[in-house]
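Next come the chains, spelled out residue by residue.
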Amino acid sequence: MQRKVLVTGGSGGIGAAICRRFAADGCLVYINYRSSQGKAEQLAAETGGIAVRFDVSDTEAVRRAAEEIGSLDILVNNAGVSEVELFTSLSDDRARRLLDTDLAGTLNCSRSFLPGMIRRHSGCIINISSMWGEVGASCEVDYSAAKAGVIGFTKALAKETAPSGIRVNCVSPGFIMTEMNSRYTQEELEAIREEIPLGIFGTPEHVAEAVEFLASDRASYITGQVLGVNGGMVI
């Protein structure tokens, strides 16, 4: 039977790689987007998936989407935004948008799609955090706090839903070459690369493969864990 997967923020770099990976495995992939309609629809045409528009920070919009999509086998909470700014300089609106998307959005989607998994006594939730959620980053305080919250949420929900046969895990990427990191100069990128023990930058495909593993039967005895995909930058 074809598995149903929802990837939030599915039109972005990491999200698109995850969508492609699951589509290659024969899954029906729902590609969530908020504003990148063209990218999402193009990816849906490429993968045989379905583009669905809703803002993960909008509780009612998420609930409506859950009613339309129905029960899922796999939920990947990937939608996120980042801000590089001094903590005291980040505006209230930007800080709120970050927390509403990265943390509250993860909770909103899980809360709306979890009941279907509980009824079937089966399902898998994979949350995308960040290495900065594990160790913190200067000038990314709000982002670090949100991603740390995602890790705490993963561990707590895994304990709560394990008796219902549902696994909840987290992938914690390091420095991944996506549009989000295009703001760095070549000199800055080289300095960052020197901090990575493996000496290479991660790709969206590295993250997608970790997500695919955690969603597979090979990880059937794994729940509540944080899988770092960071080239050894955080150990």
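The coordinates are above.
To keep things clear, this report deals only with the structure shown in the data block.

What counts and what doesn't
Each chain carries its own residue numbering, running from 1 in the direction its sequence is written. Owing to the predicted nature of the model, reporting of local features is limited to residues with pLDDT of at least 70; listing and counting of side-chain atom pairs is limited to 80 or more, with chain, interface and lining totals taken over all residues. Only hydrogens and water are set aside when side-chain values are computed; all heavy atoms of the structure are taken into account. We define the nonpolar core as a collection of buried residues of types Ala, Val, Leu, Ile, Met, Phe, Trp, Tyr and Cys that are connected through side-chain atoms lying within 4.5 Å of one another. To sort residues, take the accessible area from a 1.4 Å probe on protein chains only and compare it with the maximum for the residue type: under 20% means buried, over 50% means exposed, and anything in between is partly exposed. Secondary structure elements follow DSSP: runs of H or I of four or more residues count as helices, runs of E of two or more count as strands, with numbering from the N terminus. Working rule for contacts: check all heavy atoms of both residues, and any pair within 4.5 Å makes them a contact. Whenever a helix is involved, its axis is fitted only over the stretch in contact; in every case the axis is a line through C-alpha atoms, and angles between N-to-C directions fall within 0 to 180 degrees. Each angle is binned into one of four classes, with values under 35 degrees roughly parallel, values over 145 roughly antiparallel, values of 65 to 115 roughly perpendicular, and all other values oblique. Put simply, a crossing is left-handed when the front helix is turned counterclockwise from the back one by less than a right angle, and right-handed when it is turned clockwise. The classification used treats Ala, Val, Leu, Ile, Met, Phe, Trp, Tyr, Cys and Pro as nonpolar, Asp, Glu, Lys and Arg as charged, and all other residues, Gly among them, as polar. Being paired, for any two strands, means DSSP has found at least two bridges between them. Salt bridges, as used here, are contacts in which a Lys or Arg side-chain nitrogen is within 4 Å of a carboxyl oxygen on Asp or Glu. Cysteine sulfurs are considered disulfide-paired once they come within 2.5 Å of each other. Stacked, edge-to-face and tilted labels apply to pairs of Phe, Tyr and Trp rings (six-membered ring for Trp) whose centres lie within 6.5 Å, assigned for plane angles under 30 degrees, over 60, and everything in between, in that order.

1. A few points about the nonpolar core
- Formed by 31 residues in total, the largest nonpolar core has its most connected members in Ile 18, Phe 22, Val 29, Val 76, Val 171 and Val 211.
- For this core, the element with the highest residue contribution is helix H1 (residues 13-24), accounting for seven residues.
- Excluding its chain neighbours within four sequence positions, the residues that come into contact with Phe 22 are Arg 3, Val 5, Cys 27, Val 29, Ile 74, Val 76, Val 211, Glu 212 and Ala 215.
- Within the second largest apolar cluster, 24 residues are counted, among which are Leu 28, Val 52, Phe 113 and Ile 166.

2. Digging into the packing of H1 against helix H8 (residues 204-215)
- Relative orientation of the contacting elements H1 and H8 amounts to 50°, with a least axis distance of 8 Å. As far as their axial angle goes, H8 and H1 are oblique. Between H1 and H8 lies a crossing of right-handed hand. Touching Gly 13, Ile 14, Ala 17, Ile 18, Arg 21 and Phe 22 of H1 are Pro 204, Glu 205, Val 207, Ala 208, Val 211, Glu 212 and Ala 215, all from H8.
- Of the residues assigned to the contact of H1 with H8, the class counts are nine nonpolar, one polar and three charged.

3. Examining the pairing of strand E3 (residues 50-53)
- Two elements, strand E2 (residues 28-33) and E3, share four bridges in a ladder whose sense is parallel. Bridge pairing in E3 links Ile 31 to Ala 51.

4. Structural notes on the sheet that holds strand E6 (residues 166-173)
- If you walk across this open sheet you meet the seven strands as E3-E2-E1-E4-E5-E6-E7, and the pairing is parallel. Each of the sheet's edge strands pairs with one partner strand only, and the pair in question is E3 and strand E7 (226-229). The mean angle between the axes of side-by-side strands here comes to 20°, regardless of whether they run parallel or antiparallel.
- Sheet topology places E6 next to E7; four bridges connect them, and they run parallel. Directly across from Cys 170, in E7, lies its bridge partner Val 226.
- Packing against the sheet, helix H2 (residues 37-47) makes contact with E2 and E3, and its axis sits at approximately 175° to E2.
- Against the sheet, helix H4 (residues 92-120) touches strand E1 (4-7), strand E4 (74-77), strand E5 (123-128) and E6, its axis set at about 175° to E4.

5. Things to note about the pattern of salt bridges
- Considering all chains together, one arrives at eleven salt bridges under this definition.
- Residue Arg 20 pairs with Glu 46 through a salt bridge whose shortest N-O separation is 2.7 Å. Note that Arg 20 is positioned in helix H1 and Glu 46 in helix H2, a separation of 26 residues in sequence.
- As a salt-bridge pair, Arg 63 and Glu 60 come within 2.9 Å of each other at their nearest N and O atoms.

6. A few points about the state of the cysteines
- According to the stated counting rule, one finds zero disulfides in the structure shown.
- In this structure Cys 109 is a free cysteine whose sulfur lies 13 Å from that of Cys 19, the closest cysteine sulfur available.
- Of all cysteine sulfurs in the structure, the one in Cys 27 sits closest to Cys 124, which takes part in no disulfide; the separation is 11 Å.

7. Looking at the environment of Gly 123
- Relative to the assigned elements, Gly 123 resides in strand E5.
- When its relative accessible area of 11% is taken as the criterion, Gly 123 is described as buried.
- Separated by 122 residues in sequence, Gly 123 and Met 1 place their C-alpha atoms 14 Å apart.
- Filtering out sequence-adjacent residues up to four positions away, Gly 123 remains in contact with Asp 73, Met 117, Gly 165, Ile 166 and Arg 167.

8. Here we look at the packing of aromatic side chains
- Applying the stated criterion across every chain yields a total of two aromatic pairs.
- With a centroid separation of 5.6 Å and 55° between ring planes, the pair formed by Phe 175 and Tyr 184 is classed as tilted.
- Owing to a relative accessible area of 10%, Phe 175 belongs among the buried residues under this scheme.
- Under the relative-accessibility criterion, Tyr 184 is labelled partly exposed at 23%.
- Seen in terms of ring centroids, Phe 175 and Phe 201 are 5.1 Å apart; in terms of plane orientation they differ by 40°. Their pairing is tilted. Linking Phe 175 in the loop between E6 and helix H7 (186-193) with Phe 201 in the loop between H7 and H8, this pair joins segments that are 26 residues apart in sequence.

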